[in-house]
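Summary of the model geometry
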Amino acid sequence: MLLLLFLVLVPVFFGTLVALLVRSGRAAFDRRWERLLALLLSGAALLVLGLVLLHLAGAVFTAEEGGTDSSPMRPCRIPGNPAEHVIGYRIDLVPVVGFSCVLTDGSSYGTDEVPAHLTPLAVGLGLLAAGARSADRRRTRAEEANGLTAQSS
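Residues numbered from 1 in each chain as written. Predicted model: local features only at pLDDT ≥ 70, side-chain atom pairs only at ≥ 80, totals over all residues. Heavy atoms only, no water.

1. Overview of the nonpolar core
Counting 29 residues, the largest nonpolar core has L41, C76, V86, F99, Y109 and L125 as its most contacted members. Per-element tally for this core: the top contributor is helix α2 (residues 31–64), with 11 residues. (Core = buried A, V, L, I, M, F, W, Y, C linked by side-chain atoms within 4.5 Å. Buried < 20%, exposed > 50% of the residue type's maximum accessible area, 1.4 Å probe, protein only. Helix = DSSP H or I, 4+ residues; strand = E, 2+ residues; numbered from the N terminus.)

Written out as structure tokens, the structure is:
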């Protein structure tokens, strides 16, 4: 369900974004379009961050779940990694949000529970939103300055 929602929202969002960018290339942006673009980009960044947190919460919930099939932790059962030596997990925040399994010797290995491409996508969308909002504020200040100088003449 979440994947289907994501597959519908992403093309609609990027189609709207491309339409707005094409429109901006022809003539000066109307302020409301800049604000709309900033809001759309902010919403998309929040949506992606929500997906990151959803994946992370699922991994933590699965790792904390007890029972007969809880050792080694299910998120840490990756072929080629020593799952039998796992003593815990940690949540990585830098450079990307992720879930890592901690081994008895203190080392760790990352899992694919949280897709690595989501964090850079959220950061990129956030930066684009900040740029759109900055452009809107700059345009507003320029229009106010032009309006004030025109009135004083």
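2. Re the packing of aromatic side chains
Scanning all chains against the criterion turns up 1 aromatic pair. A ring pair is formed by Y89 and F99, whose centres lie 5.1 Å apart and whose planes are at 20°; its orientation type is stacked. Residue Y89 is located in strand β1 (residues 86–92), and its partner F99 is located in strand β2 (residues 98–103); the two are separated by 10 residues in the primary sequence. Residue class for Y89 comes out partly exposed when judged on its relative accessible area of 25%. Residue class for F99 comes out buried when judged on its relative accessible area of 1%. (Phe/Tyr/Trp six-rings, centres within 6.5 Å; stacked < 30°, edge-to-face > 60°.)

3. Digging into the pattern of salt bridges
Pairing between side chains of opposite charge can happen when the charged atoms of each approach one another. Enumeration over the complete set of coordinates arrives at 4 salt bridges. One salt bridge connects R90 with D92, and the closest N-O pair in it is separated by 2.8 Å. For R90, a relative accessible area of 38% translates into the label partly exposed. A salt bridge links R133 to D136; its shortest N-O distance comes to 2.4 Å. Remark: D136 and R133 occur in helix α3 (residues 118–152); sequence separation between them is 3 residues, near one turn of the helix. Take R133: its relative accessible area is 34%, and that puts it in the partly exposed class. On the basis of relative accessibility, which here comes to 1%, the residue D136 falls in the buried class. Each of the salt bridges in this network shares a partner with another, and the network as a whole consists of R35, R133 and D136. (Salt bridge = Lys/Arg side-chain N within 4 Å of Asp/Glu carboxyl O.)

4. Regarding the sheet that holds β1
Strand order in this open sheet of 3 strands is β1-β2-β3, and the pairing throughout is antiparallel. The sheet is open, and its two edges are formed by β1 and β3 (108–110), each paired on a single side. Between one strand axis and the next, the sheet turns by 30° as a mean value, whatever way the strands run. Looking at chain direction, β2 and β3 are connected through 3 bridges and run antiparallel. Paired with V102 across the two strands is S108, which belongs to β3. (Pairing = 2+ DSSP bridges. Axes fitted to C-alpha atoms, helices over the stretch in contact; angles between N-to-C directions.)

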